[in-house]
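Structural overview
As a plain string of letters, each chain reads:
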Amino acid sequence: MNIATHLHYVYNFPDTKAGIGIGYERIFDEHKHNFIGVEFNYRPIHELTFNISPGISFESKEKAEKEFAVHFETVYEFEVGTFHIGPLLELAYHPENFHCSIGIHLGLGM
């Protein structure tokens, strides 16, 4: 088990259930896993979000190889003013690795 952070910015299109943005993930382990990807999200209901993020993953070492990766994330949010908080589940795949993340989503709505 390792600590990780996932930051992303998503623009939600007005009067739709879709959004697009960019995301970054870092896992604080011996590999120093990093991921950068494009975020596509869909909200079937206001509180529930599904994200898919294709991108590249790499490790923080000299001449680290960059590999295609894809992340799938589900978040259920509770709004407290402009802040969002709730559980999240993320599944991530790249050719040499697969990981699952369970955590707490903290967000700021505009």
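For the structure, check the block above.
A brief structural summary. Each residue is numbered by its place in its chain's sequence as written, counting from 1. Two thresholds apply to this predicted model, a pLDDT of at least 70 for residue-level local features and 80 or more for giving and counting side-chain atom pairs, whereas whole-chain, interface and lining totals are computed over all residues. Hydrogens and waters are ignored; side-chain quantities use all the structure's heavy atoms.

Focus on the pattern of salt bridges
Any two side chains of opposite charge can pair, so long as their charged atoms come close to each other. For the record, the criterion: When a carboxyl oxygen of Asp or Glu lies within 4 Å of a side-chain nitrogen of Lys or Arg, that pair is called a salt bridge. A run of DSSP states H or I qualifies as a helix once it reaches four residues; a run of E qualifies as a strand once it reaches two. Both are numbered from the N-terminal end. Only protein chains enter the area calculation, which uses a 1.4 Å probe; residues under 20% of their type maximum are buried, those over 50% are exposed, and those in between are partly exposed.
Evaluated as defined, the whole model comprises 1 salt bridge. Of the charged contacts in the structure, one is a salt bridge between glutamate 77 and arginine 43, with a shortest N-O distance of 3.0 Å. Here glutamate 77 is found in the loop between β5 (67–76) and β6 (78–80), whereas its partner arginine 43 is found in strand β3 (residues 33–45), with 34 residues between them in sequence. Residue glutamate 77 is classed as buried on the basis of its relative accessible area of 7%.

As for the pairing of strand β1 (residues 3–12)
Note the following rule: Two strands pair under a simple rule: DSSP has to find at least two bridges between them.
Note that β1 and strand β2 (residues 18–28) share 10 bridges and pair antiparallel. Bridge pairing links asparagine 12 to glycine 19 in β2. The hairpin turn running from β1 into β2, its antiparallel successor, is 5 residues long, and aspartate 15 in that turn takes a positive phi close to 60°.

Focus: unusual backbone geometry
One non-glycine residue with positive phi stands out, namely aspartate 15, at about 60°. Classification of aspartate 15 as exposed rests on a relative accessible area of 84%.

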